[in-house]
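# Architecture at a glance
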Amino acid sequence: MDLCVTHSERVGAQCVWLKARPTEGSLPACLPGQFAQLRADTPGVLLRRPISIHDVCGDEISFLVQMVGEGTRWLGQLGVGDVVNAVLPLGNGFSLMPEDTPLLVGGGVGVAPLLYLGRALREKGVKPTFLLGARTKDLLLRLDAFREVGDVLVATEDGSEGERGFVTQHSVFSQLSASATNGCSRIYTCGPAPMMKAVTKLAKECGVACEVSLENRMACGVGACLCCVTETNDGHNRCVCTEGPVFDAEVLRW
Amino acid sequence: MLDLAVKIGALELRNPVMTASGTFGYGLEFQDFVDLGELGGIVVKGTTLKPREGNPYPRMAETASGMLNCVGLQNKGVDYFCEHIYPQVKDLPTNVIVNVSGSTIDDYAETARRIGELEAIPAIELNISCPNVKQGGMAFGVTAAGAASVVKAVRKAYGKTLIVKLSPNVTDIAEIARAVEDEGADSVSLINTLMGMAIDAERRRKVLSIGTGGLSGPAVKPVALRMVYQVAQAVKIPVIGLGGIMTATDAVEFLLAGATAVEVGTANFIDPAVTTKIVRGIGEYLARHGFSSVREIIGVV
Ligand SMILES: Cc1cc2nc3c(=O)[nH]c(=O)nc-3n(C[C@H](O)[C@H](O)[C@H](O)COP(=O)(O)OP(=O)(O)OC[C@H]3O[C@@H](n4cnc5c(N)ncnc54)[C@H](O)[C@@H]3O)c2cc1C
Ligand SMILES: Cc1cc2nc3c(=O)[nH]c(=O)nc-3n(C[C@H](O)[C@H](O)[C@H](O)COP(=O)(O)O)c2cc1C
Ligand code: FES
C-alpha cells in the first residue's frame, strides 16, 4: 500500500522519525514487533528495506530510520506529502504478557519497536521499564516519547547521559540478579546482535524469560526466498521474516 | 478477444507468465497479493530427495541492479512435500510445477518419480545447476554429457512434461540445450542464476557465508535474453525465458527472442503483485500492436 508522509523529523545524529498514513483506506491492524517492507524508490536500490513499526496511532504509523546506506537515506529524505510504498504488517510480534513487569532493552535504532511494544503493554495495565543505550548522548532516540509510556533508564558508552557503559553493564541488571528478578519476569530486546546476545545471557543467568527481535538481511519478507534465516537449537534454519523477527531467546543458537 | 494461451509440451498455460523457483515459495505466501488464477503457472521451491538445511546466514547480498543468493536449496525433502505441502497446493487455481534438484543422478530420478505420482502436478522443472557430489561438486549442467545423463535418467522415471532448467555458467548454452532435447526434455527454461561474489571493503570480508552466490535481477537480463535467443535458434522444443524480468516489456522482449513462456523471479520481492501486472501488460502490448494472440510474437526477432 502507498503511505503518505505526514511528519518527518531528524532525531539523534543519524535518524529520522517518519509518520505516515495510507493514501487510501485504513491502516491494517499492526502488532508490536511486526515490521514493514518499505520501497526506496531510487535507481540505486533494488530490494525493499525492512523497517520496524515504531508506533501506531489510529491510521497513522511511524518509523524510526537510521540512515546507514542508500535505501535508508532515501527514506530519510522524504518530506511531508511524499509517498512511500509499504508491504505491511509482516512477521510475528512480541508476546504481550500482561502479568509481567517487563524490561525493554534497546540499543541504537533497535529502540524503534520498543515504543509501540511499551504502549501496548501499558494498555494491558503494566508499566514498562525501558533501558535504552547508545554510544553517546547525541545518538539517543526519542527519550521523551519513551518517558511518556514508562520509566526510562539510559546507558551511554561514553557516559554522556545515564550510566556509563553498555546497556548490559547497567545497574538494573545487578538488581535483577540480586533480588531474584526484582519483580521482572520478562525482557524484550532489540538492537545490535552482540548487545542482544549479551542481554540474552544475562536474562538466562537471572532466570528471566527473554524475547529478541532479529534484524537479519531480507529479500522477500514473506517467507518465500529463505534468505533471512537464523539457526535454532533444533539445528534447523528458520525464517526470520515469518517465524520472527521476534524469537524466544531460548530457541536461538548463537 | 486476446488469446494469451501457450503450450509447453502437454502443459497448457492460460498465459505465458509463471513464477521462478525459489522466489515465490509455494505460491501460498503470495495469496494476499496475487490471484494465482491469473497466472500461467507457478514453479515452487527446489525440492530434493532428502531434507536440506541449506547454507548458513548471510545468504543474500544486494548488488548493482541485482542480488546474490546462496540459499543452498533449503527444503524439507520430497516426502515432506508429498505429505504436507502437496495437499495445500494441489487445488490452487493454476499449474503447479515442482522444481527438482539433486546431488546424484539417482536422487534426481527418484525425486522425479515421486513427484510424478502426484496427480495435480502436471510438470517438473529439473534444476541441473546443482553440484554433482560424485564428480567433485561440479554442476551437472555445465557439460553436455553431465546434463544429458541426468535428463536421460529422469526421462525414464517421469512421464509428464519435463522442463530442464539450464545453467548460464557455461561456454555454449545452446550445446547443452541440444543435449537435453536429444534426451527427451519437453522444454528448457533459462537462465538460472549467474555465479557471482560480493566483498565488503570496509570490513574486508566476503559478504555471503560461502563466499559465492547466484546473481539474479535486472543486472542479468541482457545475458539471459542473449542466451534465450541462442537456445531458441538451436532447439525445436519450447523455451521458457527468465532472468531479470521486472516489467511486461521485459517479458515481451523474451517472447520476441523466442521464449514461449516466461518466469518472473526477483521482481516478486520488490512488488509481490508484479506477475499479474505483467500478464495485463502483455495483453496491452498485444492490443496496442494489433496482435490477437501472444503466439504471434514468439521468436519474431
Ligand atoms: C525486521 C527488521 C527490522 C528493522 N527495523 C529497522 C528500523 O526500525 N530502523 C532502522 O533504521 N533499521 C531497521 N532495520 C535495518 C534496516 O533494514 C537496514 O539498515 C537497511 O536495510 C539498510 O539499507 P540501506 O540501503 O540504507 O543500507 P545498505 O547499503 O543496504 O547497507 C549499509 C550497511 O549496512 C549493512 N547492512 C544492511 N542491512 C543489514 C542487516 N540487516 N544486518 C546487518 N548489516 C546490514 C550493509 O552490509 C552495509 O554495510 C531492520 C531490519 C530488519 C530485518
Ligand atoms: C533467493 C533465490 C532462490 C532461488 N532458488 C532456486 C531454486 O531452488 N531452484 C532453481 O532452479 N532456481 C532458483 N533460483 C533461481 C531463479 O529461479 C531464477 O532462475 C533466477 O533468479 C533468475 O531470474 P530473476 O532474475 O527473475 O530472479 C533462485 C533465485 C533466488 C533469487
Ligand atoms: S526474507 Fe525471504 S524468506 Fe525471509
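First things first, this report covers the structure right here in the doc. Throughout, a residue's number is its position along its own chain's written sequence, starting from 1. Chains and ligands are labelled by the order in which they are written, letters from A for the one and numbers from 1 for the other. Only residues with pLDDT of at least 70 are given local features in this predicted model, and only at 80 or more are side-chain atom pairs given and counted; all residues enter the totals for whole chains, interfaces and linings. Only hydrogens and water are set aside when side-chain values are computed; all heavy atoms of the structure are taken into account.

### A few points about the overall build of chain B
Helix numbers and strand numbers start at the N terminus; a helix is a DSSP run of H or I with at least 4 residues, a strand a run of E with at least 2. Secondary structure summary: chain B contains eight helices and 16 strands in total. Over its C-alpha atoms chain B spans a radius of gyration of 18 Å, differing by no more than 12% from the 19 Å that the globule rule assigns to 301 residues. The principal-axis extent of the C-alpha atoms belonging to chain B is close to 50 × 50 × 40 Å. The contact definition used throughout considers only heavy atoms, calling two residues in contact when any of these lie within 4.5 Å. Sequence separation of 24 or more characterises 71% of the internal contacts of chain B that already satisfy a separation of 6 or more. As presented, chain B carries roughly 11,900 Å² of accessible surface, and 52% of it is formed by carbon and sulfur atoms. A residue counts as positive if it is Lys or Arg and as negative if it is Asp or Glu; His and the chain ends are not included. Lysine's charge is taken at NZ, arginine's at CZ, aspartate's at CG and glutamate's at CD. Computing the positive centroid from 28 side-chain charges and the negative centroid from 31, chain B places the two 4 Å apart. What the globule rule says is 2.2 Å times the number of residues to the power 0.38, and the radius of gyration is computed from C-alpha atoms. Using a 1.4 Å probe, the Shrake-Rupley method yields the accessible areas, and only the shown protein chains count as cover for residues.

### A few points about the interface of chain B and chain A
Contact with chain B, which involves 29 residues of that partner, is made by 24 residues of chain A. Accessible area that two parts lose when put together, with a 1.4 Å probe and added across both, is what the buried area reports. Across the chain B to chain A interface the summed buried area is about 2,200 Å²; carbon plus sulfur atoms make up 60%. Together, Tyr57(B), Glu62(B) and Ile270(B) form the three largest contributors to the area buried by chain B at its contact with chain A, with a combined 30%. By definition, a salt bridge exists where a carboxyl oxygen of Asp or Glu is found within 4 Å of a side-chain nitrogen of Lys or Arg. Counting every contact that joins chain B to chain A gives one salt bridge. Taking the shortest distance from any N to any O, the salt bridge between Arg49(A) and Glu62(B) comes out at 2.7 Å. Polar contact is the term for a pair of N or O atoms within 3.5 Å; when the atoms are in protein, one must be able to donate a hydrogen and the other to accept it, and sequence-neighboring residues count only if both atoms are side-chain atoms. On inspection of chain B and its partner chain A, the count reaches nine residue pairs in polar contact (both at pLDDT 80 or more). Those elements that place two or more of their residues in the side of chain B that touches chain A are β5 (60-63), β6 (66-69) and α7 (267-270) of chain B. Sorting elements by how many residues they give to the side of chain B that touches chain A places β6(B) first, with three residues. Ten residues, namely Ala, Val, Leu, Ile, Met, Phe, Trp, Tyr, Cys and Pro, are considered nonpolar, four, namely Asp, Glu, Lys and Arg, are considered charged, and the remaining ones, Gly among them, are considered polar. For the side of chain B that touches chain A, the class distribution of residues is 13 nonpolar, ten polar and six charged.

### A short note on helix α5 (residues 221-234) of chain B
All names here are of chain B. Each residue after the first adds 1.5 Å to the expected span of a helix. An ideal rise of 1.5 Å per residue puts 20 Å on 14 residues; α5 measures up with 20 Å between its terminal C-alpha atoms. Lys 221, Ala 224, Met 227, Val 228 and Val 231 are the residues of α5 that are buried. Considered in projection along α5, the buried side chains sweep an arc of 125 degrees and stay on one side of the axis. Across from the buried face of α5, at angles greater than 90 degrees, the exposed residues are Pro 222 and Gln 233. Buried residues along α5 sit against α4 (173-182), β10 (187-190), β15 (239-242) and α6 (248-256). Only protein chains enter the accessibility calculation, which uses a 1.4 Å probe; a residue whose area is less than 20% of its type maximum is buried, one above 50% is exposed, and one in between is partly exposed. The directions from the helix axis to the C-beta atoms are what the arc is built from.

### A look at the site of ligand 1
Residue proximity to a molecule or strand is established when one non-hydrogen atom of the residue lies within 4 Å of it. Around ligand 1 there are 21 residues in total, and Pro50(A), Leu64(A), Gln66(A), Gly71(A) and Thr72(A) lie nearest to it. Neighbouring residues of ligand 1 are distributed over chains A and B. Between ligand 1 and the protein, one listed contact pairs an oxygen atom with a backbone N or O atom of Pro50(A) at 2.6 Å. In the environment of ligand 1, an oxygen atom lies 3.3 Å from a nitrogen or oxygen atom belonging to the side chain of Arg217(A). For ligand 1, the accessible surface in isolation is 900 Å², of which the surrounding protein chains cover 77%. Elements with a minimum of two residues in the shell around ligand 1: β4 (49-52), β6 (60-66) and α1 (70-76) of chain A. Take the shell around ligand 1: its biggest share by element is four residues, from β4(A). Residue composition of the shell around ligand 1, by class: ten nonpolar, six polar and five charged.

### Concerning the sheet that holds strand β7 (residues 83-90) of chain A
Residue and element names in this part refer to chain A. In this scheme, strands are said to pair when DSSP sees at least two bridges between them. Read across the open sheet, the seven strands follow the order β4-β3-β7-β1-β2-β6-β5; overall the sheet is antiparallel. At either end of the open sheet lies a strand with only one pairing partner, and these are β4 and β5 (55-57). On average, each strand axis in the sheet is tilted by 35 degrees relative to the strand beside it, whichever way the strands run. Sheet topology note: the strand β3 (residues 35-38)/β4 ladder contains four bridges and is antiparallel. Of the residues in β4, the one forming a bridge with Gln 37 is Pro 50. Orientation is described by axes fitted as lines to C-alpha atoms, over the contacting stretch for helices, and by angles from 0 to 180 degrees between their N-to-C directions. Together, β4, β5 and β6 form the strand contacts of helix α2 (residues 112-123), whose direction differs from that of β5 by roughly 45 degrees.

### Points about the sheet that holds strand β12 (residues 186-190) of chain A
Residue and element names in this part refer to chain A. Read from one edge to the other, the open sheet built from seven strands follows the order β11-β10-β9-β8-β12-β13-β16, with strand pairing classed as mixed. In this open sheet, the two strands that pair with only one neighbour each are β11 (163-164) and β16 (246-248). Taken together, the five bridges between strand β8 (residues 102-107) and strand β9 (residues 129-134) define a ladder with parallel strand orientation. If you follow Leu 104 over to β9, its bridge partner there is Phe 130. Running over the sheet, α2 touches β8, β9 and β12 and is turned about 165 degrees from β8.

Geometry only, nothing functional implied.
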